[in-house]
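Given next are the chains, with one letter for each unit.
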Amino acid sequence: MEQVFFTAEERGQLIPLCRSLLRYGRGVVSSDDFNRLKSLVAEAVKADAYHRDRFALNPVIRSLAACELLCERLSPDRNMIAAMMIYNLYRREFVTRDKIVKEWGDDVAKIVDGLNKVSSLYSRHALVGSENFRNLLLTFAEDIRVIILMILDRLALMRAINHHPDQRQVCDVAYEVSYLYAPLAHRLGLYSVKSELEDMSLKYTNRDVFSQIAHKLNETKASRDAYIADFIRPVKEKLEREGLKFEIKGRTKSISSIWNKMKKQKNDLENIYDLFAIRIILDVPPEREKNECWLAYSIVTDMYRPNPSRLKDWLSIPKSNGYESLHITVYGPENKWVEVQIRSKRMDTIAEKGLAAHWKYKGIKSEGNLDAWMNNVRDILEAAETGPMELMKNMRMDVYDKEVFAFTPKGDLYRFPLGATLLDFAFGIHTNVGSQCTGGRVNGKNQKINYKLQSGDTVEIFTSSQQMPKQDWLNYVVTSKARNKIRVALKEQQSRIAELGKELLQRRFKNRKIEIDESLLSKVIKKLGFKTITDFFARIADESLDINSVVESYLALTKAADEAEKISASEYTLQASAEADSRQSDDILVIGDNIKGINYRLAKCCNPIYGDDVFGFISSEGVIKIHRSDCPNAANIRDKYPYRLIRTQWSGKIGSQFGATLRIVGNDDIGIVTNITSIINKEKNISLRSITVDSNDGLFQGYLIVGVNDTTSLNQLIKKIQTVKGVKNVQRSK
């Protein structure tokens, strides 16, 4: 393998990674497979087919690290390892799909296709907040192995960028991991991977908090270890007297988990009572697992007083990701609460490696729980018309919320997030059942659609063919499937009503022999105060808007437009205006052949400022409106009214301030808005006119209107705001 492509440090990583992969993959990946992969990589390096990523990381090292994590954290898989090592070369067109199929098989080619689709969605920036987010999830939903490999690839990346100098890029990846990959790892039961991803995400986005907690944990490690030993000793003796075979150990909870508890409980680290957990792992045949887990439970609770409200029984009904365990919190020595987890070796393997570790990859099909979740992901995406942030909210909600379980009268089990209602249950059974739900019977008692499910409920749904989803139903559901199905149904209802209204208006126009100009009709709709055409037509259909008044408004606008068309830019006589609110300084703009005393306004649709490339448009009101050349309406204006355009440019003399709107997206940290406004206040000749901020799931989106002299000042301000810690994106809004 060519050494020039590898730095000295990378060469030091390469050999241990290869040896580790050989050791882990023995018996699963043949020697011939390893040799062919090695030859392919060496050939690609020699041909300069690899390119370092935006962090300047070596793609061979990164792929090997991800493969090692696959073997270590889940289980070795020949096809996934091959796909992970090949897909970079497929992206660079060094190998073709036909060649992959021929040498490695259809299944490897399928995984490579999935990885390539995901990679193609990434640009120089992280994907959080991008419209490509939905496409990414759709790609994930095609093959669960793509999810697994991308999660592990992100873990390898997070480990590699710890000391990368570009803090902004590091934070972008950390936010993406926090919002997408950590929740996905949690959902697949990859708890150790999820914890490490969350810890590193916290470290990169809030290093001070991470370091403080890590430092305090190190300071108290000796006393904590001594406490765990004192707690375990008598429990171990009693378990041995009962003849149980087991392993018992204590572990400190992850730093991110501790930080979340500190925020939730509004406490310092010293006052968080469950910093660590004791785990009892029983070596027992499957048929005796539950009996011995409950025996161990009785032994522990005989010795230490339990907190009944903290009992979590995932033995009787496992979590939907396959997690099985018995969790209890007991009052230990020194008056401290201690969490004890009791499970078998088999359960512990699933807890550590996730249900995916036991999934038969070859058959492409997952076990029931994973199939159900993948179907749910598809349901979320199928009807989703909201932005990426709403999709992320839905994904996180379905992933992280605690579960409740309920039964049909036939005994079929359904799982839902905590807070789910009878209406969620109805949509969980089938879309049609949800859409026609009128209520139900829960444990023999009639309940309304907004009844909140309790674990163990038996639910029977009542339906009526006359029932249809209503707007207030969105307040009664928490599952993304139900919410999206309701939205789709409401939109379809609105569309049907709007079509009727459109037909009524067209018929009236036809009766009066009036040709409809869509652009003029749009102006009428806007003038009447409607935000969407659908709302406008729906109001006509329900007769809350008089159709005759619409026709008269249209005719009046048509007459005004006809008169305005008689005027061209070459014939236009410009009148000086005495009105201060519609005049700008004479020397800011040069219009036409430097005509003076012109009545003009800056267009509100694009808010041009000094320095923008602009043009003038003679409106029907007799005012020249100045638009930016990249205005959203520019193409339509040039196409329909070329004779009303007039050459316009800035004179070179800066006048009064111009209003510019900035859209800012960032991490919803305390003080971030203060830091942004502080930067603006320090700038000379820049003023803050207004600010609106909306936060959602740890992110905020804000709009700032600032007064600036020119584009140069605005661009400098944007660069300074981008340096604020936690700010992800700043751009000028049209």
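Residues numbered from 1 in each chain as written. Predicted model: local features only at pLDDT ≥ 70, side-chain atom pairs only at ≥ 80, totals over all residues. Heavy atoms only, no water.

Undergrad: Explain the sheet that holds strand E11 (residues 457-463) to me, please; I cannot follow it from the model alone.
TA: Each strand in a sheet pairs with its neighbour through backbone hydrogen bonds, running either in the same direction (parallel) or in the opposite one (antiparallel). Spatially, 5 strands are ordered E8-E7-E11-E9-E10 in an open sheet, and the strand pairing comes out mixed. Looking along the sheet, the strands with just one partner apiece sit at the ends: strand E8 (413-417) and strand E10 (445-447). Neighbouring strand axes in the sheet, compared pairwise and without regard to direction, differ in orientation by 40 degrees on average. In terms of strand pairing, strand E9 (residues 437-442) meets E11 through 5 bridges, oriented antiparallel. Residue pairing across strands places Cys 437 opposite Thr 463, the latter belonging to E11. (Pairing = 2+ DSSP bridges. Helix = DSSP H or I, 4+ residues; strand = E, 2+ residues; numbered from the N terminus. Axes fitted to C-alpha atoms, helices over the stretch in contact; angles between N-to-C directions.)

Undergrad: Explain the packing of aromatic side chains here, please?
TA: Each aromatic ring pair is specified by the distance between its two centres and by the angle formed by the two planes. For the structure on display, the rule yields 12 aromatic pairs. Each ring, one from Tyr 331 and one from Trp 337, has its centre 4.8 Å from the other, and the planes form 55 degrees; the classification is tilted. With a relative accessible area of 27%, Tyr 331 lands in the partly exposed category. The exposure class assigned to Trp 337 is partly exposed, which follows from its relative accessible area of 22%. An aromatic cluster of at least three residues, connected via ring pairs, comprises Tyr 191, Trp 314 and Tyr 323. Residue placement shows Arg 36 over the ring face of Trp 104; its charged tip is 4.1 Å from the ring centre. In this structure, Arg 305 packs its charged tip against the face of Tyr 331, placed 4.8 Å from the ring centre. (Phe/Tyr/Trp six-rings, centres within 6.5 Å; stacked < 30°, edge-to-face > 60°. Buried < 20%, exposed > 50% of the residue type's maximum accessible area, 1.4 Å probe, protein only. Lys NZ or Arg CZ within 6 Å of the ring centre and 35° of its normal.)

Undergrad: Hey, could you run me through a positive patch on the surface in this one?
TA: Taken together, the side chains of Lys 523, Lys 526, Arg 601, Lys 604, Lys 625 and Lys 640 present a region of like positive charge at the surface. By the element assignment, Lys 640 lies in helix H24 (residues 634-640). (Patch = residues over 30% accessible without salt bridge, like charges linked within 9 Å, V, L, I, M, F, W, Y side chains within 5 Å. Areas by Shrake-Rupley, 256 points an atom, 1.4 Å probe, with all protein chains shown as cover. Salt bridge = Lys/Arg side-chain N within 4 Å of Asp/Glu carboxyl O. Lys, Arg positive; Asp, Glu negative; His and termini not counted. Charge placed at Lys NZ, Arg CZ, Asp CG, Glu CD.)

Undergrad: Looking at this model, I keep getting lost on the pattern of salt bridges. Mind explaining?
TA: Pairs may arise between side chains of opposite charge once their charged atoms sit close together. Within this structure, the stated rule accounts for 29 salt bridges. Where Arg 73 meets Glu 196, a salt bridge forms, and the shortest distance between an N and an O atom there is 2.7 Å. Taken together, the positions of Arg 73 in helix H3 (residues 59-74) and Glu 196 in helix H10 (residues 191-205) put the pair 123 residues apart, joining distant regions of the chain. For the pair formed by Arg 73 and Glu 196, the shared burial category is buried. With a shortest N-O distance of 3.7 Å, Glu 198 and Lys 194 are connected by a salt bridge. You can see Glu 198 and its partner Lys 194 sitting in helix H10, 4 residues apart, about one turn around the helix. Taken as a pair, Glu 198 and Lys 194 share a single burial class, namely buried. A network of salt bridges, in which partner residues are shared, links Asp 53, Arg 62, Asp 153, Arg 154 and Glu 176.

Undergrad: Mind showing me how you'd approach helix H15 (residues 345-353) here?
TA: Each α-helix turn comprises 3.6 residues. Residues three or four places apart therefore point the same way. All buried positions along H15 are accounted for by Met 347, Asp 348, Ile 350 and Ala 351. Burial along H15 is one-sided: seen end-on, the buried residues are contained in an arc of 160 degrees. In this structure, the buried side of H15 is in contact with H10, strand E2 (276-282), helix H14 (289-303) and strand E6 (336-344). (Arc of directions from axis to C-beta. Contact = heavy atoms within 4.5 Å.)

Undergrad: What is the right way to read the sheet that holds strand E15 (residues 624-628) from this model?
TA: Taken together, the 4 strands give an open sheet; going across it, the order is E13-E15-E14-E16, and neighbouring strands pair in mixed fashion. Each edge of the open sheet is held by one strand with a lone partner, namely strand E13 (600-602) and strand E16 (645-646). In the sheet, strand E14 (residues 614-618) pairs with E15 via 5 bridges, with the strands oriented antiparallel. Across the sheet, the residue bridging to Val 614 is Arg 628, located in E15.

Undergrad: What is the right way to look at the environment of Glu 403 in this model?
TA: Considering the arrangement of structural elements, one finds Glu 403 in strand E7 (residues 403-407). C-alpha of Glu 403 to C-alpha of Gln 454: the two residues are 51 residues apart in sequence and 9.7 Å apart in space.

Undergrad: Which parts of the structure should I look at to understand the pairing of E8?
TA: When a strand is regular, its side chains alternate between the sheet's two faces. Two elements, E7 and E8, share 5 bridges in a ladder whose sense is antiparallel. Residue Phe 407 lies in a different strand from E8, and its bridge partner there is Leu 413. Two successive antiparallel strands, E7 and E8, enclose a turn made up of 5 residues, where Gly 411 displays a positive phi of approximately 95 degrees.

Undergrad: Got a minute to help me understand the confidence of the model for the protein chain in this structure?
TA: In low-pLDDT regions, the fine details of the predicted coordinates are not to be read closely. Looking at the protein chain, pLDDT values average 80 and 81% of them are 70 or higher. Every residue in residues 124-131 is under pLDDT 50, and counting partners more than four places away or in other chains gives 23 contacts. For residues 380-401, every residue scores under 50 in pLDDT, and the model assigns this stretch 65 contacts once sequence neighbours within four places are set aside. (pLDDT = per-residue confidence, 0-100.)

Undergrad: Hey, could you run me through the packing of helix H20 (residues 480-511) against helix H22 (residues 533-541) in this one?
TA: For any two helices packed against each other, the geometry is given by the interaxial angle and the distance between the axes. Relative to each other, H20 and H22 sit at 70 degrees, their axes nearing to 7 Å. By the angle class used here, H20 and H22 are roughly perpendicular. Judged by residue contacts, Gln 494, Ile 497, Ala 498, Leu 500, Gly 501, Lys 502, Leu 504 and Leu 505 of H20 engage Thr 534, Asp 535, Phe 536, Phe 537, Ala 538, Ile 540 and Ala 541 from H22. (Parallel < 35°, antiparallel > 145°, perpendicular 65-115°, else oblique.)

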